[in-house]
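Listed below are the residues making up each chain.
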Amino acid sequence: MRRLIGLTLSLVLLSLSACALFPNRDPVNINVVGIEPLQSKDLEVRFAVKLRVQNPNETAIDYNGVALDLEVNGRPLASGVSDQQGSIPRFSETVLMVPVSVSAFSVLRQTLGLSQTQSLHNMPYVLRGKLAGGLFGTLRFVDRGTLDLPDTATW
């Protein structure tokens, strides 16, 4: 029994010290650089969201999938995933395109929210997402800001 406890304690300490071997990474910089319409079906609208991903680290970032969730005015609006894979070299950047879907119910929620605020200026948005990179390589990100829509915009 004493040997089992010693072995377990040794494995725990070894696994904790292994975490120190992983390099410290600075967070990636993510910016939305464009939105293009895609072919829509039934009661949903589809867009391709273009993201500029900047890697400020000394090592490349390998990814094998991207997921996004977009909130506007505190309400969910769109979500999307892509199975694209690649690598962002050290101190470099790339542009990724992720298709997102906006359901009719999301549009309805946004419309009701806009009728309560009565303003299309300075609407807050939050973009949450992740670059999948395996067991320990997944990078999560959040981008926040405000949108200014023209007064003639309709949902």
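So, a few notes on the structure that sits alongside this text.

What counts and how
- Residues numbered from 1 in each chain as written.
- Predicted model: local features only at pLDDT ≥ 70, side-chain atom pairs only at ≥ 80, totals over all residues.
- Heavy atoms only, no water.
- Helix = DSSP H or I, 4+ residues; strand = E, 2+ residues; numbered from the N terminus.
- Buried < 20%, exposed > 50% of the residue type's maximum accessible area, 1.4 Å probe, protein only.
- Areas by Shrake-Rupley, 256 points an atom, 1.4 Å probe, with all protein chains shown as cover.
- Polar contact = N/O pair within 3.5 Å; in protein donor to acceptor, adjacent residues only side chain to side chain.
- Contact = heavy atoms within 4.5 Å.
- Pairing = 2+ DSSP bridges.

## Focus: the overall build of the protein chain
Counting its regular elements, the protein chain contains two helices and nine strands. Each helix and strand of the protein chain, ordered N terminal to C terminal, gives the series α-β-β-β-β-β-β-β-α-β-β. Expressed as a percentage of the 155 residues in the protein chain, the buried residues total 26%. Counting every atom, the protein chain has about 10,500 Å² of accessible surface; 58% of that belongs to carbon and sulfur.

## So, the side chain of Asn 55
Relative to the assigned elements, Asn 55 resides in strand β2 (residues 44-55). Given the relative accessible area of 2%, Asn 55 is considered buried. Within polar-contact distance, the side chain of Asn 55 engages the backbone oxygen of Pro 89 at 3.2 Å.

## Here we look at the environment of Leu 68
Relative to the assigned elements, Leu 68 resides in strand β4 (residues 66-72). Taking relative accessible area as the criterion, Leu 68 reaches 3% and is therefore assigned buried. Residues Leu 68 and Leu 127, 59 residues apart in the sequence, show an inter-C-alpha distance of 6.9 Å. Those residues in contact with Leu 68, other than ones at most four positions away along the chain, are Val 49, Leu 51, Ala 78, Ser 79, Gly 80, Val 98, Val 100, Leu 127, Arg 128, Gly 129 and Phe 141.

## Comments concerning the pairing of β4
The sheet contact formed by β4 and strand β5 (residues 75-82) spans seven bridges and is antiparallel. Bridged to Leu 68 within β5 is Gly 80.

## Section: the pairing of strand β1 (residues 29-38)
Note: β1 against β2, nine bridges, orientation antiparallel. The residue bridging Val 32 from the neighbouring strand is Leu 51, located in β2. Where β1 hands over to β2, the hairpin turn is made up of five residues, of which Asp 42 adopts a positive phi near 50 degrees.

## Comments concerning unusual backbone geometry
Across residues other than glycine, the phi torsion is negative in most instances, and most of the peptide bonds are trans. Not every positive phi belongs to a glycine, and Asn 73 is a case in point at roughly 60 degrees. Assignment of secondary structure puts Asn 73 in the loop between β4 and β5. Residue classification places Asn 73 among the buried positions, given a relative accessible area of 17%. One non-glycine residue, Phe 91, adopts positive backbone phi at about 45 degrees. When you line up the elements, Phe 91 lands in the loop between β6 (86-88) and β7 (92-103).

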